[in-house]
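# Analysis of the macromolecular model
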Amino acid sequence: MDEQALLGLNPNADSDFRQRALAYFEQLKISPDAWQVCAEALAQRTYSDDHIKFFCFQVLEHQVKYKYSELTTVQQQLIRETLISWLQAQMLNPQPEKTFIRNKAAQVFALLFVTEYLTRWPKFFFDILSVVDLNPRGVDLYLRILMAIDSELVDRDVVHTSEEARRNTLIKDTMREQCIPNLVESWYQILQNYQYTNSEVTCQCLEVVGAYVSWIDLSLIANDRFINMLLGHMSIEVLREEACDCLFEIVNKGMDPVDKMKLVESLCQVLQSAGFFSIDQEEDVDFLARFSKLVNGMGQSLIVSWTKLIKNGDIKNAQEALQAIETKVALMLQLLIHEDDDISSNIIGFCYDYLHILKQLPVLSDQQKANVEAIMLAVMKKLTYDEEYNFENEGEDEAMFVEYRKQLKLLLDRLAQVSPELLLASVRRVFSSTLQNWQTTRFMEVEVAIRLLYMLAEALPVSHGAHFSGDVSKASALQDMMRTLVTSGVSSYQHTSVTLEFFETVVRYEKFFTVEPQHIPCVLMAFLDHRGLRHSSAKVRSRTAYLFSRFVKSLNKQMNPFIEDILNRIQDLLELSPPENGYQSLLSSDDQLFIYETAGVLIVNSEYPAERKQALMRNLLTPLMEKFKILLEKLMLAQDEERQASLADCLNHAVGFASRTSKAFSNKQTVKQCGCSEVYLDCLQTFLPALSCPLQKDILRSGVRTFLHRMIICLEEEVLPFIPSASEHMLKDCEAKDLQEFIPLINQITAKFKIQVSPFLQQMFMPLLHAIFEVLLRPAEENDQSAALEKQMLRRSYFAFLQTVTGSGMSEVIANQGAENVERVLVTIIQGAVEYPDPIAQKTCFIILSKLVELWGGKDGPVGFADFVYKHIVPACFLAPLKQTFDLADAQTVLALSECAVTLKTIHLKRGPECVQYLQQEYLPSLQVAPEIIQEFCQALQQPDAKVFKNYLKVFFQRAKP
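Residues numbered from 1 in each chain as written. Predicted model: local features only at pLDDT ≥ 70, side-chain atom pairs only at ≥ 80, totals over all residues. Heavy atoms only, no water.

Attention shifts here to the overall build of the protein chain. Counting its secondary structure elements, the protein chain contains 47 helices and zero strands. Considering only C-alpha atoms, the protein chain reaches an extent of 90 × 90 × 65 Å along its principal axes. Looking at the protein chain as a whole, 51% of its 962 residues are labelled buried. Pairs at least 24 residues apart make up 72% of the contacts formed inside the protein chain by residues separated by at least 6 positions. (Helix = DSSP H or I, 4+ residues; strand = E, 2+ residues; numbered from the N terminus. Buried < 20%, exposed > 50% of the residue type's maximum accessible area, 1.4 Å probe, protein only. Contact = heavy atoms within 4.5 Å.)

Another point: the packing of aromatic side chains. Tallying each qualifying case throughout the model produces 52 aromatic pairs. Between the aromatic rings of Phe 773 and Tyr 798, the centroid separation amounts to 5.6 Å while the plane-to-plane angle is 75°, which identifies the pairing as edge-to-face. Placement of Phe 773 in helix α38 (residues 758–776) and of Tyr 798 in helix α39 (residues 785–807) is noted, with a sequence separation of 25 residues between them. As far as the burial class goes, Phe 773 and Tyr 798 line up, both buried. Aromatic pair Phe 878 and Phe 937: ring centres 5.4 Å apart, planes at 45°, arrangement tilted. Note that Phe 878 is positioned in helix α43 (residues 865–882) and Phe 937 in helix α46 (residues 931–941), a separation of 59 residues in sequence. For the pair formed by Phe 878 and Phe 937, the shared burial category is buried. Here a set of aromatic residues connected by ring pairs shows up, and it is made of Phe 468, Phe 502, Phe 503, Tyr 509, Phe 512, Phe 513, Phe 527, Phe 548 and Phe 551. Sitting above the plane of the Tyr 188 ring, Arg 225 keeps its charged end 4.0 Å from the centroid. (Phe/Tyr/Trp six-rings, centres within 6.5 Å; stacked < 30°, edge-to-face > 60°. Lys NZ or Arg CZ within 6 Å of the ring centre and 35° of its normal.)

Here helix α23 (residues 443–459) contains 17 residues, and its C-alpha end-to-end distance of 24 Å stays within 8% of the 24 Å for a straight helix at 1.5 Å per residue. Where burial is concerned, most of α23 is hidden: 14 out of the 17 residues are buried. (Expected span 1.5 Å × (residues − 1).)

Bringing the layout of surface pockets into the picture now. Taken as a whole, the largest pocket encloses approximately 800 Å³ of empty space. Residue lining of the largest pocket: 30 residues in total, with Asp 341, Thr 384, Tyr 385, Asp 386 and Phe 401 positioned closest to the centre. Elements that contribute at least two residues to the lining of the largest pocket include exactly α18 (341–345), α20 (366–382), α21 (396–418), α22 (420–436) and α23. No other element matches the seven residues that α21 contributes to the lining of the largest pocket. Among the residues making up the lining of the largest pocket, the classes are represented as eleven nonpolar, six polar and 13 charged. (1 Å grid on protein atoms, 1.4 Å probe; cavity = no way out; pocket = protein on both sides within 12 Å on 5 of 7 lines; lining within 4 Å. Points joined across faces, edges and corners; volume = space filled by probe spheres on them. Nonpolar A, V, L, I, M, F, W, Y, C, P; charged D, E, K, R; others polar.)

Taken as a whole, this structure holds 52 salt bridges when the rule is applied. The partner of Arg 80 in a salt bridge is Glu 116, with the nearest N and O atoms 2.1 Å apart. With a gap of 36 residues between them, Arg 80 in helix α5 (residues 73–92) and Glu 116 in helix α6 (residues 99–116) connect regions that are remote in the sequence. The exposure class of Arg 80 is buried, given its relative accessible area of 10%. (Salt bridge = Lys/Arg side-chain N within 4 Å of Asp/Glu carboxyl O.)

Within the largest apolar cluster, 345 residues are counted, with the highest numbers of intra-cluster contacts made by Met 175, Trp 187, Phe 291 and Phe 878. Not counting residues within four places of it along the chain, the set of residues in contact with Trp 187 comprises Tyr 142, Leu 146, Cys 205, Val 208, Val 209, Tyr 212, Ile 216, Ile 221 and Phe 226. (Core = buried A, V, L, I, M, F, W, Y, C linked by side-chain atoms within 4.5 Å.)

Within this structure, the stated rule accounts for one cavity of 30 Å³ or more. In this structure, the largest cavity occupies an estimated 40 Å³ of space. Lining the largest cavity are Val 552, Asn 556, Met 559, Asn 560, Ile 563, Val 601, Leu 602, Asn 605 and Ser 606. Residues of the lining of the largest cavity, tallied by class, amount to five nonpolar, four polar and no charged.

This next bit is on the packing of helix α19 (residues 348–360) against α20. Between α19 and α20, the least distance of the axes is 12 Å, while the angle of their chain directions is 140°. Taken together, the axes of α19 and α20 are oblique relative to one another. Once α19 is placed against α20, the crossing between them reads as left-handed. Touching Cys 351, Tyr 354, Leu 355 and Leu 358 of α19 are Gln 368, Asn 371, Val 372 and Ile 375, all from α20. (Axes fitted to C-alpha atoms, helices over the stretch in contact; angles between N-to-C directions. Parallel < 35°, antiparallel > 145°, perpendicular 65-115°, else oblique. Left-handed = near helix turned anticlockwise from the far one by under 90°.)

Let us now look at the side chain of Ser 292. Tracing the backbone through its elements, the reader meets Ser 292 in helix α15 (residues 285–312). For Ser 292, a relative accessible area of 0% puts it in the buried group. The residues touching Ser 292, leaving out its near neighbours within four places in the chain, are Leu 335, Ile 343, Asn 346 and Ile 347.

Another aspect to go through is unusual backbone geometry. At Arg 45, a residue that is not glycine, the phi angle is positive and equals roughly 55°. Locating Arg 45 in the fold gives a position in the loop between α3 (34–43) and α4 (50–66). A positive phi angle is found at Asp 133, which is not glycine, with a value near 50°. Relative to the helices and strands, Asp 133 resides in the loop between α7 (124–132) and α8 (136–153). Looking at Asp 133, the relative accessible area reads 56%, which means it is exposed.

Between its first and last C-alpha, helix α13 (residues 240–252) extends 18 Å over 13 residues, near the 18 Å set by a 1.5 Å rise per residue. Along α13, the positions that sit buried rather than exposed are Arg 240, Ala 243, Cys 244, Asp 245, Cys 246, Leu 247, Phe 248, Ile 250 and Val 251. Its buried side turned inward, α13 meets α11 (199–212), α12 (224–233), α14 (257–273) and α15.

Tracing the sequence through the fold places Ile 566 in helix α29 (residues 563–569). For the pair Ile 566 and Leu 146, spaced 420 residues apart in sequence, the C-alpha to C-alpha distance is 71 Å. Those residues in contact with Ile 566 that lie beyond four places of it in its chain are Leu 524, Leu 528, Phe 548, Met 559 and Leu 602.

As a further point, take the packing of α11 against α13. Packing of α11 against α13 leaves a shortest axis separation of 8 Å and a crossing angle of 10°. Judged by the angle between their axes, α11 and α13 are roughly parallel. For the pair α11 and α13, contact is made by Cys 203, Leu 206, Glu 207, Val 209 and Gly 210 and by Glu 242, Ala 243, Cys 246 and Glu 249, respectively. Across the contact of α11 with α13, the residue classes tally to five nonpolar, one polar and three charged.

Once that is clear, we can look at the environment of Asn 437. With respect to the helices and strands, the residue Asn 437 is situated in the loop between α22 and α23. Accessibility expressed as a relative area gives 42% for Asn 437, which makes it partly exposed. Separated by 373 residues in the primary sequence, Asn 437 and Val 64 place their C-alpha atoms 73 Å from one another.

Before going further, it helps to spend a moment on the state of the cysteines. This model, assessed by the stated rule, comprises zero disulfides. Of all cysteine sulfurs in the structure, the one in Cys 877 sits closest to Cys 845, which takes part in no disulfide; the separation is 12 Å. Residue Cys 845 is classed as buried on the basis of its relative accessible area, which comes to 0%. Just so you know, Cys 938 is unpaired, no disulfide at all, and the nearest cysteine sulfur is the one on Cys 915, 7.8 Å from it. Judged by its relative accessible area of 1%, Cys 938 falls in the buried class. (Disulfide = S-S within 2.5 Å.)

Here's what the structure looks like:
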């Protein structure tokens, strides 16, 4: 062994040594006999350093996992003997090995087991048991090996090939026949021997039993001697959590419904008589969480049995199962209402499934109705925040409570399916009594009362939020609660959770305000003052900005009387806060986007005449334009990079805000009707100079590009005069990312204006291509993943651009670039179809080729194109699918093949019999295709139904590939 390299295995070694150790590891993995050195070192205990021992096991693991079949029988025997002698040595070691070494050793044993058990080492377990006997060190390793074997054979998270899955099934079948009873006996002996003296080994053994019980004969475990021992463990503090989990696995095993019912019932009787159901006496919450999971498993098992029995028409036993379920409900409710959320969360599955049963019953008994009500009250109580919840700085505990609340919401939805009237009445009762005295009630109770009203909207679903029409009693109950909410003054409650819940609920039930519009002014005031957008908490201000925009949008018809007032009141929130004045604005720039959008919506949807709308829009946008000009001048002069970045950010926000106001328009028509075209053209002229700013190019270009996208929709051809110079600036010294983002803009213009932009496209076609090729040809580091990905995405964008040009009937843009350039472009399309293993780009390339053949492939096409079809396009249709990287099992690749079929069909359509003749006599024979297959291929190609040929082509290439 290279002792110097081994020094690098120590975690505290410096990086050079660590690099050397890694290289050495790779070298040993490749070496045909290095594993023998490692095996010898382990068997003879040459090294005392833990990291070296671990390293030796890693080398052995690699050998067994990947190169075992290359070894001779003698060498394989040597590995077996090495492991057994290492195991024997462990019995005598004064100190046990570190846990990480024991686990790695167990993994190597398990790998060897799955390789050898069916062939050369059928006595695997007997050999190990004869070495370890009941020695605690040996038992520990034996149990670790069993867990490692279970994860090799059964672990659902490990992806197995079908070959491995078959082998695993065979191993399990053989084990059941040959050794499982002996293994079970060994577990019993271990448990009996160590239950009072070695809790660690006992817990390990219980874990093994729990893991294996899912695939061995249950009667070996579910019998008096085992169950009695497990129940005994339930009373021993250090064992009971593991014993609980073991019982859970036993209960969870799939089996006959009547047998399962009997098993669960007998288990419950014993647990109950041992006092486990009196959970109010139990203080250990960790144990109760496991116990809750066990009760959940028992309840769900009984429900599965009931479902199967009903399905089989066995009414008598189904009745018994239902009776058994009902007797667990009291315990379930105690666990559900427990103050510890983990204990409560673990029982929710049983609760949910129980409600599902009740939903299916034709009529509920009084007891069942009482159960439904008890679950409802439990859910309402458990939804409540506790005192410790930290609203300002939410951490892991808070995130867990949010998740738990989602589970409770599912229960509430299920309750609504069982008894919507009861849910509505319960919520109304809680809501009304809480809101009557909200001033003197704790925040968490006020929050949950409003939250319940909010949750009713999803629990009692209606189409398009029509909660206030249809069913009269429901509509009037919800209407009463909403009226109480907005008139009670609770929006002034001094806690962020209540404030937020108020605004969320108001927006969720916006249809209420079409029924009772008299409440709109007071809700608007809440949004606009210290309760909403001017709240002391940034979190509330931010969320309110979004909710305010939703509120205004959904009620735009009712907003007319308040528009001017709202615009005046939000004036200060629209301020573009420049970086230098240190003034912290109330809203972040992301929040301001919503306020700008709201202002735009108010103006556009108002009933004002066009001149008034235009004036209001100008008032909104002029301050942005003026600030923009000043900031751009400052940026040009700024020396410090940090200051440049903050100025560029601010400029970008200004452009973003102007873009956002235009979301109120759906098309050019609406902009014209509002008389706003001129204002937006002024914005364009103000923003475009930023493109020629040499500083902070990325951020400025990105903002202006987004604005141009919006303006193409809002102003249509009025934008066209600005496009050439904007494009010229955007193509100057650009990176892959710039081009990738610029191309969609050109695609949008091309697809929208088609022939109108032909002169512009012809002029900028080659400059754009030169910029793309220049970036694609730049050398990059061989293993620079992000550069490779950027190039791949740029290549896709380039082909998407060509697809847009050809698909918009603009092929003359390409044709007019001169013969040499046209050829260069065509060659890149062929390369894209064949050479790069990127099915998305390949698909696009075949679409372009089909289009070009359709346009130019006839008798009157450009000179030389027919030659190009036969020399390049036809071969591409075969060379691409024949590549090893062209994976016909991948969905994207199949789509590419489908377009390849369309290309061949189009060539046949345009060139007729000449194409068939070329394939028959020249091209396919050159690929050594058999004459009968050539015949078959040409017949399929001539089929009128394109689908027939697509299907044939897939089969053709599946056969052709080795």
